[in-house]
Amino acid sequence: AAKEQGRNCYRYFTTSMQEKALYRRQLANELRLALNSNQLQLHYQPIVELATGNMAKAEALIRWQHPVLGMISPVEFVPVAEETGIIIELGDWVFHQAARQAAQWRKLNHPDFQISINKSPQQFRDKGNDISQWLDHLRSLGLPGQAIAVEITEGLLLDASTTVTDKLLEFRDAGIEVSLDDFGTGYSSLSYIKKFHVDNIKIDQSFVRNLKPDSEDLAVCEAIIVMAHKLGLKVVAEGIETNEQRALLAAAGCDYGQGNLFSMPLPVEKFKTLLSSQEMVI
Ligand code: C2E
Ligand code: MG
Ligand code: MG
Ligand code: MG
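Remember, it's a predicted structure, so these values are computed and weren't measured experimentally.

Analysis parameters
- Residues numbered from 1 in each chain as written.
- Chains lettered and ligands numbered in written order.
- Predicted model: local features only at pLDDT ≥ 70, side-chain atom pairs only at ≥ 80, totals over all residues.
- Heavy atoms only, no water.
- Helix = DSSP H or I, 4+ residues; strand = E, 2+ residues; numbered from the N terminus.
- Rg over C-alpha atoms; globule rule 2.2 N^0.38 Å.
- Buried < 20%, exposed > 50% of the residue type's maximum accessible area, 1.4 Å probe, protein only.
- Contact = heavy atoms within 4.5 Å.
- Areas by Shrake-Rupley, 256 points an atom, 1.4 Å probe, with all protein chains shown as cover.
- Lys, Arg positive; Asp, Glu negative; His and termini not counted.
- Charge placed at Lys NZ, Arg CZ, Asp CG, Glu CD.
- Near = heavy atom within 4 Å.
- Polar contact = N/O pair within 3.5 Å; in protein donor to acceptor, adjacent residues only side chain to side chain.
- Nonpolar A, V, L, I, M, F, W, Y, C, P; charged D, E, K, R; others polar.
- Core = buried A, V, L, I, M, F, W, Y, C linked by side-chain atoms within 4.5 Å.
- Axes fitted to C-alpha atoms, helices over the stretch in contact; angles between N-to-C directions.
- Parallel < 35°, antiparallel > 145°, perpendicular 65-115°, else oblique.
- Left-handed = near helix turned anticlockwise from the far one by under 90°.
- Donors = N, O, S within 2.8 Å, 3.2 Å for Na, K, Ca; no water.
- Phe/Tyr/Trp six-rings, centres within 6.5 Å; stacked < 30°, edge-to-face > 60°.
- Lys NZ or Arg CZ within 6 Å of the ring centre and 35° of its normal.

**Student:** Before we move on, can you summarise the overall build of the protein with the specific residues and values?
**Tutor:** Of the regular secondary structure elements, the protein holds 13 helices and nine strands. Taken over C-alpha atoms, the radius of gyration comes to 19 Å for the protein, in line with the 19 Å a tight globule of 282 residues would show. In terms of overall dimensions, the protein has a C-alpha envelope of 50 × 50 × 40 Å along the principal axes. Put simply, the protein has 282 residues, and 48% of those count as buried. In the protein, of all internal contacts separated by at least 6 residues, the share reaching a separation of at least 24 is 67%. Surface exposure of the protein reaches about 14,300 Å², of which carbon and sulfur atoms provide 52%. One way to put it: in the protein the 28 positive side-chain charges average out to a point 3 Å from where the 35 negative ones average out.

**Student:** Describe the site of ligand 1, with residues and values.
**Tutor:** Taken together, 23 residues lie near ligand 1, and Arg63, Asp181, Gln205, Glu241 and Asn260 sit nearest. Take Gln45: an N or O atom from its side chain is 3.0 Å from a nitrogen atom of ligand 1. Residue Arg63 places a side-chain N or O atom 2.8 Å away from an oxygen atom belonging to ligand 1. Every element with two or more residues in the shell around ligand 1 is listed here: strand E2 (55–66), helix H3 (74–84), helix H4 (86–107) and strand E6 (177–183). Sorting elements by how many residues they give to the shell around ligand 1 places E2 first, with four residues. Here the residues of the shell around ligand 1 sort into nine nonpolar, seven polar and seven charged.

**Student:** Kindly report on the nonpolar core, identifying the contributing residues and their values.
**Tutor:** Counting 81 residues, the largest nonpolar core has Ile115 and Ile117 as the members making the most contacts within it. Ranked by residues supplied to this core, first place goes to H4 with 11 residues. Setting aside its immediate chain neighbours within four residues, Ile117 contacts Ala60, Val94, Phe95, Ala98, Trp134, Ile148, Ala149, Val150 and Glu151.

**Student:** Would you mind going over the side chain of Asp204 in detail, with residue names and values included?
**Tutor:** Examined against the element boundaries, Asp204 turns out to sit in the loop between strand E7 (200–203) and helix H10 (205–208). Only 2.7 Å separates the side chain of Asp204 from the side chain of Ser206, close enough to count as a polar contact. Asp204 has contacts with Asp182, Phe183, Thr185 and Glu238, leaving out every residue within four places of it along the chain.

**Student:** Give me the packing of helix H2 (residues 17–35) against H4: which residues, what numbers.
**Tutor:** Contact geometry of H2 with H4 gives a least axis separation of 11 Å together with a crossing angle of 25°. The pairing of H2 with H4 is recorded here as roughly parallel in orientation. When you trace H2 past H4, the crossing you get is left-handed. Contact residues: H2 offers Ala28, Leu31, Arg32 and Leu35, while H4 offers Ile86, Glu89, Leu90 and Trp93.

**Student:** Let's hear about the coordination of the magnesium ion (ligand 2): which residues, and what values?
**Tutor:** Those donors, Glu59 (OE), Asn118 (OD1), Glu151 (OE) and Asp181 (OD), are the protein atoms that reach the magnesium ion (ligand 2), and they lie 2.0 to 2.2 Å from it. One chain supplies every donor to the magnesium ion (ligand 2), and in sequence these donors are spaced E-x58-N-x32-E-x29-D. For Asp181, a relative accessible area of 7% translates into the label buried.

**Student:** I'd like a description of the side chain of Gln101, backed by residues and values.
**Tutor:** By the element assignment, Gln101 lies in helix H4. Classification of Gln101 by relative accessible area gives buried; the value is 5%.

**Student:** Let's hear about the packing of aromatic side chains: which residues, and what values?
**Tutor:** The description of two aromatic rings rests on the distance between their centres and on the angle between their planes. Evaluated as defined, the whole model comprises 10 aromatic pairs. For the ring pair Tyr44 and Trp105, a centre distance of 5.0 Å and an interplane angle of 80° mean the geometry is edge-to-face. Of this pair, Tyr44 sits in strand E1 (residues 40–49) while Trp105 sits in helix H4; the two residues are 61 residues apart in sequence, bridging distant segments of the chain. Look at Trp105 and you get buried, because its relative accessible area is 0%. Summarising the aromatic geometry, the rings of Phe95 and Trp134 are spaced 4.1 Å apart at their centres and angled 0° between planes, so their arrangement reads as stacked. Placement of Phe95 in helix H4 and of Trp134 in helix H6 (residues 130–140) is noted, with a sequence separation of 39 residues between them. By relative accessible area, Phe95 is classed as buried at 0%. Take Trp134: its relative accessible area is 2%, and that puts it in the buried class. Following the ring pairs from residue to residue traces out a cluster consisting of Tyr44, Trp105, Phe113 and Phe271. The ring of Phe124 is capped by Lys119, whose NZ or CZ atom sits 5.0 Å from the centre of that ring. A cation over an aromatic ring shows up here: Lys119 above the ring of Trp134, its NZ or CZ 4.5 Å from the ring centre.

So this is what it looks like as structure tokens:
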């Protein structure tokens with residue numbers, strides 16, 4: 001069956017565990033080099049206000065252009081970075097790139113523009129003083145905390161150590177918004193999430209993909225949106241690909257949307273062109 005699913009799957013099913021471990025170790029070593037040799041890039045995907053069509057924010061998504069293997073997906077190398085601890089350095093790199101872009105775009109007629117970055121649970125386990133360093137850096141660029149938002153996943157909240165709770169509170173105090181990514185794929189309830197001072201939830205694309213009038217997925221999305229709003233949270237829907245999905249979510253009161261309907265994640269220059277033309281209104 002693996003073979004029938006195509007070439008990409010084939011490799012996974014035939015490679016032994018040992019070979020896989022070796023591949024991951026090699027990937028880890030090369031990732032360390034990549035960090036210092038311009039092989040990594042951030043692409044930016046607009047997050048659009050559904051009621052107005054305005055591009056209010058963007059999510060930064062990491063890309064690795066490997067000199068031999070070509071483009072490697074973050075789905076493949078972020079877990080390697082997490083296992084090996086490289087995620088700390090990688091996360092700092094992402095933050096610095098995103099902050100620099102936010103500063104540039106805020107100067108270009110988008111004074112409230114916000115860039116969202118993904119933060120792995122491993123980055124919270126580190127007891128280091130990264131948040132105060134981040135804040136110093138934002139201040140040095142003349143940016144308020146609102147210029148950056150962080151996306152975390154439910155797994156982090158289930159961990160619920162004091163380090164995690166403290167760090168989330170520090171974000172809040174600094175005005176850095178926290179979004180809960182891939183909402184609905186984990187186990188936590190919305191009221192539980194409220195305790196952690198999360199500002200936004202991002203409905204996972206698996207609920208958006210088959211959205212149809214009168215579908216169960218629509219009922220789930222509507223319930224999430226109503227509950228989130230009652231708790232004072234904003235809602236972003238991920239993976240919007242069709243006008244129908246967009247219309248159903250807008251009618252359900254969803255605040256923001258993200259997905260290929262609006263734009264794929266784009267390299268800096270292309271994103272900048274999109275931002276200055278504000279072609280987002282459809
Ligand atoms: P995520 O944070 O949930 O990001 C959304 C993913 O959905 C992205 O995949 C994006 O390209 C994709 N996407 C957006 N719109 C659509 C759509 O309309 N249809 C479909 N089918 N997909 C859409 P990507 O860029 O491959 O990233 C995958 C995951 O890798 C991210 O999921 C995030 O968990 C992780 N990741 C990406 N960049 C970073 C990073 O800088 N740091 C960390 N720690 N993780 C990252
Ligand atoms: Mg995300
Ligand atoms: Mg997501
Ligand atoms: Mg994800």
